[in-house]
Amino acid sequence: AEFERLLPLYANPGGLHREAVEAKQELERARKTIADSIGAHADEIVFTASGTEANNLAIQGLLRPLLLKHGELQAITSAIEHKSVLQPLAILDREGLYTSELPVSSEGLVAPGQLAEVVSDETVLVSIQLVNSEVGTILPVRELAKVIRHARQGRTGPTALPLYFHVDAAQAPLWMDIKVEKLGADLMTLDAQKKLGP
């Protein structure tokens, strides 16, 4: 099947020889297929080795430059996030990041009202998963995105900080619609092995 067809493609897609060009074409075809499935552009898709690496790249890649430029900043997440979200945020504490962990209800949900209470002018990242891997709750990401959009509207002027929404959707693709625009996500983590991929 597909795996057997791709197995001979071992070449570095950055090379110029025939095998490398074939590998590059397959890589770009995969990038476009994934982008189309989530309503993104192919040039917005970044491949990593795992969902853990993707979460780390999204969080540290976004926050480190902002912390270097602005100093102390806030991130908001939930108490039930995967460790690959919680640990990078904890590490950045040494660099001036203050992380607020929102509690969840007995059903494992984050209330949009709680997010509205905690978000401040210093918040630059909200990272909330779409589906919890342990109990299977589906978090109200669209409603949380509305809170974030409202907070962004209040940020004007040259010194206003950006506010990004990261959604760890690694557990979601086989079960629900994960179009980035509908979810309101600026960054999204997916994981091939959770979507019948290699």
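Now for a quick tour of the structure. Keep in mind that this is a model prediction, so the values were computed, not measured.

## Concerning the pairing of strand β4 (residues 164–168)
Two faces, one strand: in a regular strand the side chains alternate between the faces of the sheet.
Point 1. By the criterion of burial, β4 is predominantly enclosed, with four of the five residues buried.
Point 2. As defined by bridge partners, strand β3 (residues 123–129) adjoins β4 across five bridges and the pair is classed as parallel. Residue pairing for β4: Ile128 is matched across the bridge by Val167.
Point 3. Since β3 and β4 lie parallel, the crossover through helix α6 (residues 141–153) that links them has a hand, and here it is right-handed.
Point 4. Bridging between β4 and strand β5 (residues 187–189) involves three bridges; their strand directions are parallel. The residue of β5 that forms the bridge with Asp168 is Thr189.

## Section: helix α4 (residues 83–91)
Point 1. Within the sequence span of α4, burial applies to Ser84, Val85, Pro88 and Leu89. Seen along its axis, α4 keeps its buried residues to an arc of 130°; they face one direction. In α4, the exposed positions angled more than 90 degrees off the buried face are occupied by Lys83 and Ala90.
Point 2. Here the buried face of α4 lies against α3 (51–70), β1 (73–78), β2 (97–102), β3 and β4.

## What to know about the sheet that holds β3
Within a sheet, adjacent strands bond to each other through the backbone by hydrogen bonds, running parallel or antiparallel.
Point 1. Ordered by their spatial adjacency, five strands build an open sheet running β2-β1-β3-β4-β5, and the pairing between neighbours is parallel. The outermost strands of the open sheet, each flanked by one partner alone, are β2 and β5. Neighbour to neighbour, the strand axes of the sheet diverge by 15° on average, direction disregarded.
Point 2. In this fold α4 packs onto β1, β2, β3 and β4, with an angle of close to 160° to the strand it touches most, β1.

## Comments concerning the packing of α3 against α4
Point 1. Relative orientation of the contacting elements α3 and α4 amounts to 30°, with a least axis distance of 9 Å. In terms of orientation, α3 and α4 fall into the roughly parallel class. Of the two elements, α3 crosses α4, and the hand of that crossing is right-handed. Note on element contacts: α4 touches α3 through Ser84, Val85, Pro88, Leu89 and Ile91, opposite Thr52, Asn55, Asn56, Ile59, Gln60, Leu63 and Arg64.

## Quick word on the pairing of β1
Point 1. Of all six residues in β1, six are buried, a share of seventy percent or more.
Point 2. Residues Leu73, Ala75 and Thr77 point to one face of β1 and Gln74, Ile76 and Ser78 to the other, with burial holding for every one of them.
Point 3. Both β1 and β2 contribute to a ladder of six bridges, which runs parallel. When the bridges of β2 are listed, Ser78 appears paired with Leu102.
Point 4. For the handedness criterion, the β-α-β arrangement of β1, α4 and β2 is classed as right-handed.
Point 5. Pairing of β1 with β3, which is carried by four bridges, proceeds in the parallel orientation. Pairing of Ala75 across the sheet is with Leu125, part of β3.

Parameters at a glance
Here the residue index of a chain counts from 1 through its sequence in written order. Local features are withheld for residues below a pLDDT of 70 in this predicted model, meaning they are given only at 70 or higher, and side-chain atom pairs are given and counted only at 80 or more; totals for whole chains, interfaces and linings count all residues. Note that water and hydrogens are dropped before the side-chain values are worked out from all heavy atoms of the structure. Note on exposure labels: buried denotes an accessible area under 20% of the residue type's maximum, exposed denotes more than 50%, and partly exposed covers the range between, all computed with a 1.4 Å probe on protein chains only. In this text, helices come from DSSP runs of H or I with a minimum length of four residues, and strands from runs of E with a minimum of two, each type numbered from the N-terminal end. Here a strand pair is declared whenever DSSP counts at least two bridges between the two strands. Here, the term right-handed applies to a crossover whose path from the first strand over the helix to the second runs clockwise when the strands point away from the viewer. What the arc describes is the spread of directions from the helix axis to the C-beta atoms. Here, two residues are considered to be in contact whenever any of their heavy atoms come within 4.5 Å of each other. Interaxial angle, 0 to 180 degrees, is taken between N-to-C directions of lines fitted to C-alpha atoms, where a helix line uses only the stretch in contact. Roughly parallel means an angle under 35 degrees; roughly antiparallel means over 145; roughly perpendicular covers 65 to 115; every other angle is labelled oblique. Should the near helix be turned anticlockwise from the far one by less than a right angle, the crossing is termed left-handed; should it be turned clockwise, right-handed.

Limitation: the analysis is restricted to geometry and does not speak to function.
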